[in-house]
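Geometric and topological summary
Each chain, written out:
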Amino acid sequence: MTQRTVSDLMVERLQAWGVDRVFGYSGDGINGFMGALRRAEDTVEFVQARHEEAAAFMAVGHGKYTGGVGVVTSTQGPGAVHLLNGLYDAKMDSVPVVAIIGQQSTTVLGSAYMQEIDLLTLFKDVAAQFAQLASSPEQVPMLIDRAFRTALETKSPCVVIVPHDIQSAEAPELEQHHGIVVTAPVWHPAQVMPRDEDLDAAAEILSAGERIALLVGQGARGAQKEVVELAEQLNAGITTSLLGKPWVDETLPLAAGTMGHLGTTASAYLMENCDTLLIIGSNDPWTEFYPKPGTAKAVQIDIDGRKIANRYPVEVGLVGDAAGTLTALGKRLAGRTQPSRATWREDVEHQVRAWRRLSEERANVPARPVNPELVVRELNGRLPGDAQLSIDVGSCVYWYARQLVLPPGVPAHVSGTLASMGCAIPYGLAAKLAYPDRPLVALAGDGGMQMLGVAELITVAHRWREWADPRFVVCVFNNRDLAEVSWEQRENEVEPRFPASQQIPDFPYAAYGELLGLAGVRVEDPAKLGEAWDYALGMDRPTVLEVLTDPNTPLLPPFPAGEEKLEGMRSALSQEGPDGEHARKLLDTYAEGESELRGK
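Residues numbered from 1 in each chain as written. Predicted model: local features only at pLDDT ≥ 70, side-chain atom pairs only at ≥ 80, totals over all residues. Heavy atoms only, no water.

1. Topic: the overall build of the chain
Broken down by element type, the chain carries 23 helices and 18 strands. The globule rule puts the C-alpha radius of gyration for 600 residues at 25 Å, and the 25 Å found for the chain is close to it. A buried classification covers 59% of the 600 residues belonging to the chain. Summed over all atoms, the accessible surface of the chain reaches about 23,200 Å², with 50% contributed by carbon and sulfur. (Helix = DSSP H or I, 4+ residues; strand = E, 2+ residues; numbered from the N terminus. Rg over C-alpha atoms; globule rule 2.2 N^0.38 Å. Buried < 20%, exposed > 50% of the residue type's maximum accessible area, 1.4 Å probe, protein only. Areas by Shrake-Rupley, 256 points an atom, 1.4 Å probe, with all protein chains shown as cover.)

2. Brief notes about the pattern of salt bridges
On inspection of all chains with the given rule, the structure shows 35 salt bridges. Between E45 and R21 there is a salt bridge, with its nearest N and O atoms 2.9 Å apart. Within this pair, whereas E45 is found in strand β2 (residues 45–48), its partner R21 is found in strand β1 (residues 21–24), the two being separated by 24 residues in sequence. Residue classification places E45 among the partly exposed residues on the basis of a relative accessible area of 23%. When its relative accessible area of 12% is taken as the criterion, R21 is described as buried. R211 is the salt-bridge partner of D275, the closest N and O atoms lying 3.8 Å from each other. Here D275, found in the loop between α11 (265–273) and β10 (276–280), pairs with R211, found in the loop between α9 (196–208) and β7 (212–216); they are 64 residues apart in sequence, far enough to count as distant. (Salt bridge = Lys/Arg side-chain N within 4 Å of Asp/Glu carboxyl O.)

3. Digging into α9
For α9, which comprises 13 residues, the first-to-last C-alpha distance of 18 Å matches the rise-based estimate of 18 Å (1.5 Å per residue) to within 8%. Of the residues making up α9, those classed as buried are D198, L199, A202, A203, I205, L206 and S207. (Expected span 1.5 Å × (residues − 1).)

4. A short note on the UniProt feature "domain: Thiamine pyrophosphate enzyme central" (unreviewed entry) in the chain
According to UniProt, the positions carrying the feature "domain: Thiamine pyrophosphate enzyme central" (unreviewed entry) are residues 199–329. Along residues 199–329 the backbone is 29% helical and 21% strand, and the end-to-end C-alpha distance reaches 6 Å. (UniProt positions renumbered as here; feature names shortened; annotations may be inferred.)

5. Overview of the side chain of T5
Considering the arrangement of structural elements, one finds T5 in the segment before α1 (6–16). Sequence-distant contacts of T5, defined by excluding residues within four places in its chain, comprise R39, Q167, S168, A169, E170 and A171. (Contact = heavy atoms within 4.5 Å.)

6. Comments concerning the sheet that holds β1
Hydrogen bonds between backbone groups are what pair the strands of a sheet, and the pairing can be parallel or antiparallel. With parallel pairing, six strands are arranged side by side in an open sheet as β2-β1-β3-β4-β6-β5. A single partner strand is all that each edge strand has here, and the edge strands are β2 and β5 (131–133). Taken over all neighbouring pairs, the strand axes of this sheet differ in orientation by 20° on average, direction set aside. In this structure, β1 lies alongside strand β3 (residues 70–74), joined through two bridges in parallel fashion. Residue G24 lies in a different strand from β3, and its bridge partner there is T73. In the packing of helix α7 (residues 140–154) onto the sheet, contacts are made with β3, β4 (97–103), β5 and β6 (157–163), and the angle to β6 comes to roughly 165°. (Pairing = 2+ DSSP bridges. Axes fitted to C-alpha atoms, helices over the stretch in contact; angles between N-to-C directions.)

Here's what the structure looks like:
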C-alpha cells in the first residue's frame, strides 16, 4: 500500500477548500504533488496548459468567472518564473489565486543547485500578502490554509513553495505540541458597513448635487440592482470602468458606457460636466478622464479602505460592501430631490443616444478590408444569453468596450490593470471548464494569438469533446500589426509607425484551427460578417473565426482628450506614406463625427 505523503495531505486540503481543478504544467520539482493529484484525479482535475504563463492566466480566469480561488502549480526554476505574469494579473485585478510551487530538496538549497532559484525573493512583490517556503511536513497544512484565507481576504495571489523532499515525506499526524500550529480550512467573508456618520455625510453631498455621475467598477458585481435604483433616485448618469462594464445594463437610457481612453463620448461628457461623483467599487487608473479635481465633490464606496481616494480626491470614503452601502444611502436620500436634476437627466440621455448613433456610424465606415468595429457590432443580438466572453488586450478591447452591448448575466473578462496580451484563450478555457454547458466567445488580436493563443488552441482541441456545449468561438482580428502600439506611438510620442516593431507575421488562424480538428472560417468581406458569426455560433465544435481587419482604424480617445492629440497624430501619420494617408482620412472622419456631436 502506498504511503500517505505530504502531497496527499496537500490535495486533501485543496478538496477541503472546495478546489476541484488545478491548472499547471509538470516537472521534476513538483512530481510528488503530481503523484497525489493522479491518485485523486476523480475529485481534483489537473488541467495541463501549454505554458505556465497560460496556466496562471487560467487560474486568474477561474477566479474571475466563478468568484472562487484559482489554483495553479508549477515546477521549480523556469516553471516558477513563467508564472509571474499571470500572478501579477491576479494582483492588479484583485483576484484570489493560490500558487503551489515546487523547489529543489531542502538538503541542496543554498548550493547553487540545478534550477535552484530564490523563489521567495522572486515572488516577494507579486505575492506580497503571503509567500512562504515549507521547511517541514508539519507546516504544510497550515501554509495552505493561510494562503487560501489570505487570498480570499485580500483578493490577491498567494504562494506556497514546497521542496521536493517535503512533498514526498510521510504525512504527519498533527497533535497539540509546542511549536506545532494546527489550523482549519475555514473562511467566511465579513459583512462590512460604513459608519452611520460617514453615510450621513455622503448623503448630504449626494443630496446637494445637481449633476451626479456614478462610476461603477467590478466591486459592484453583487450590487447591480442597487446601482440602478440609486441612479434612478438621483437622476444620475452611469459610466463604468473597463472591468465594471459587465455589471451595468448598457441598454438603460442613463448608461453612458465605458470611461477612459477606450471609452465613449457619452462617458466623457458625463465626467466632464458632473458636479458630484459617486465611485462604486472602482480603482480605474485613467485619472485624466475623471472630473478635473475641484470641479466635482466625490464620494467613494469600496470594500478595501486602501483604495479610498486612490484615484480622485474624495470628500467622503465609505468602506463597505457595495450593495449594503448603496441601500443605506438610498434610504437616507429618499425624498431629497433636486428639480434641476431632471434637466441633467435629459442631457445625459441625449448624450447616450448621440453616442449610440456615432458608434453605429463608425462601425460602418469603409475600411481595408473590414472595419474591426463592425466585427464586434455584428455580435450584438447574436451573442447567446447564457454565453461567456473573454477579451484579449490590444485594439480589440476598444471595440469590445465601445460596440458590444452585453446581454444581462453574460460575464466578460479581460486583463484590465496589468493589460497583458495573451489572456483571451486561457481565460476562455477556465470559463469553459467551470461552465461546460455555456457557449464561450473569445475576442483576440493577432498579437495576443501569436503570443499565447495559438498554442492554447491545442488545449481547446484536446478538451472540447468533454464539454456539454462544444461552442468555443475564437474571433481573431487579423490586421498584421500591433495596432494599439502603433496608435500609442502616434498619439503619445508623435512618432510614425515603426514596421520592424509593430508589423507581425501573417498566420492562417482559421486554417490552423481546421488542422487541429476545429472549424475555421475566414472573412475578408464585411457583408459576410453576420453570416460568419451565425456559422460559428451554430457549429458543433469550437470555431476559429478569422477576420482580416484594418489596422488603420483609429483608436481615438473621446474628446476633449482626443481633440488635444489630433495634430500630433496627424503629424506622425504624414510620415507613413499611402497607409498613413489612409489612416489620416479615417482619423479625420472620426474627429469630424465627434466634433459634430459636441456642436463644434
